[in-house]
Amino acid sequence: MNNDRRKFMQQSAMVSAGLTLAGPTLFANTTNNNVENNMKNIKTKGYAATDESGILSPFEFERRPVEDNDILIDVKFASICHSDIHQEKGHWGKQIYPQVPGHEIVGIVSAVGKNVTKFKVGDRAGVGCMVDSCMDCDSCQAGEEHFCDRGETKFTYGFPTEKEPTGITQGGYSNKLVVRDHFAVHIPNNITFEEAAPLLCAGITTYSPLMRAQFQVGDKVGVAGIGGLGHLAVKIAVAKGAKVYAFTTSVDKVADIKSWGVAEVIVVDDEFKNMQAYAKTLDYMISTIPYQFNVTPYVSCVKPRGSFTFVGMPEKSEITLNNLMLAFARVNFNASLIGGIPETQEVVNYCADNNIRPSIEIINAEQINDAWKKVENKEARYRYVIDAASF
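Only a predicted model underlies this, so the values are computations on that prediction, with no experimental measurement involved.

Re the packing of aromatic side chains
Phase 1 of the analysis: Within the structure shown, the criterion is met by 13 aromatic pairs.
Phase 2 of the analysis: Centre to centre, the rings of F247 and Y278 are 6.2 Å apart; their planes meet at 80 degrees, and the pair counts as edge-to-face. Residue F247 is located in strand β11 (residues 243-248), and its partner Y278 is located in the loop between β12 (264-267) and β13 (282-287); the two are separated by 31 residues in the primary sequence.
Phase 3 of the analysis: Taking relative accessible area as the criterion, Y278 reaches 16% and is therefore assigned buried.
Phase 4 of the analysis: Summarising the aromatic geometry, the rings of F293 and Y298 are spaced 5.3 Å apart at their centres and angled 85 degrees between planes, so their arrangement reads as edge-to-face.
Phase 5 of the analysis: Here Y298 falls in the buried class, since its relative accessible area comes to 4%.
Phase 6 of the analysis: Members of the aromatic cluster, joined through ring pairs, are Y245, F247, F272, Y278, F293, Y298 and F310.
Phase 7 of the analysis: In this structure, R124 is placed above the aromatic ring of F193, and the distance from its NZ or CZ to the ring centre is 4.2 Å.

Some words on the side chain of S83
Phase 1 of the analysis: Among the secondary structure elements, S83 is positioned in helix α2 (residues 82-88).
Phase 2 of the analysis: S83 has contacts with W92, H103 and Y157, leaving out every residue within four places of it along the chain.

A closer look at the UniProt feature "domain: Enoyl reductase (ER)" (unreviewed entry) in the protein chain
Phase 1 of the analysis: When the UniProt feature table is mapped onto this chain numbering, "domain: Enoyl reductase (ER)" (unreviewed entry) sits at residues 54-386.
Phase 2 of the analysis: The annotated region residues 54-386 carries 23% helix and 26% strand content, and the separation between its end C-alpha atoms amounts to 17 Å.

Considering the confidence of the model for the protein chain
Phase 1 of the analysis: Model confidence for the protein chain is summarised by a mean pLDDT of 91, while 90% of its residues fall at 70 or above.
Phase 2 of the analysis: Segment residues 1-10 is flagged for pLDDT under 50; beyond a separation of four residues in sequence, or across chains, it makes 21 contacts in the model.

Some details on helix α10 (residues 341-353)
Quick reminder: α-helices carry 3.6 residues per turn. Residues three or four places apart thus point the same way.
Phase 1 of the analysis: Look at α10: 18 Å from first C-alpha to last across 13 residues, which is about the 18 Å you get at 1.5 Å a residue.
Phase 2 of the analysis: Along α10, the residues classified as buried are I341, T344, Q345, V347, V348, Y350, C351 and A352.
Phase 3 of the analysis: The inward-facing, buried residues of α10 contact β6 (130-132), β9 (184-186), α5 (202-213) and α6 (228-239).
Phase 4 of the analysis: Two residues or fewer past α10, N355 is found with a positive phi of approximately 55 degrees.

Rules used in this analysis
Residues numbered from 1 in each chain as written. Predicted model: local features only at pLDDT ≥ 70, side-chain atom pairs only at ≥ 80, totals over all residues. Heavy atoms only, no water. Phe/Tyr/Trp six-rings, centres within 6.5 Å; stacked < 30°, edge-to-face > 60°. Helix = DSSP H or I, 4+ residues; strand = E, 2+ residues; numbered from the N terminus. Buried < 20%, exposed > 50% of the residue type's maximum accessible area, 1.4 Å probe, protein only. Lys NZ or Arg CZ within 6 Å of the ring centre and 35° of its normal. Contact = heavy atoms within 4.5 Å. UniProt positions renumbered as here; feature names shortened; annotations may be inferred. pLDDT = per-residue confidence, 0-100. Expected span 1.5 Å × (residues − 1).

As structure tokens, this is what we get:
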């Protein structure tokens, strides 16, 4: 397991149970755009997990005041990532509850702090997997805030912070969000809010390693697992000129996948026999599979000296590899996290400008629990997006 990736999971999951919750304060009038002298908490509605059952329920809470470098976003849509389910069920470590998940968030800026120049009231904004960092170290200065050298990256939900009245960051399954302005991106006018939301995690998580792979037009790129992340990986790789080979275990997805312009769809059987025909075929493969699985048949599809990138996040965040197999395969195996803020803005702009749109289904808050079950059962097609007006 990549050390940075392991550190990320430990930081985002293992929060201290001894945090002191802030005392009650008066609620802010969130229609007041002059926040310099209005340092009061923001009353917020959302859906939260209260234990490891995976069942969410309505939750009213307070967010911190809008400080000098913050913006307040009236959330319009937030989409569901499989990571939400893993974390709230405690798959990656013990959690503090109540906890509001969600790190694919879009909405309209309704207030700005006095130092903010990046946004103005009325702008369209989005927030992904992180909401703060030290901003001073080499990684942060290089636009890789998720790899903060000082370990001060704050992820969007479940992360300990003294700033928030609940003692932890709370995510986007809610109607309001206060965030440091640097960690929000602009949502262009040529993409809808609901279509932009999945780009803030699924989009950047697949775009970043695909760009680092530096494949050429016509190269053969494999995508393993065609769900929320995988379907965007397919669409981005096709748009970049790759011949895409999509690997799925779901027969009923084949027609959808073909419509996205892939070269081939491979329906993986239980014994992986039909994958043998693709041995040493691909220049590059990205795996988005969020479960424990047999990695060997997939790695075997990559050419010697080619690369295999793992972005799926299984339960317990561990995978088993046969080192002897890797040695013989001569494949460069690596893992990738998300991407920094500059690259997140880049993928949003790229998808907006090139008509790359996630396949979505809009739901209301009361449908979240059912949607989570469908995600776990591989029934999502392909990203559930929650209408925040229903909170």
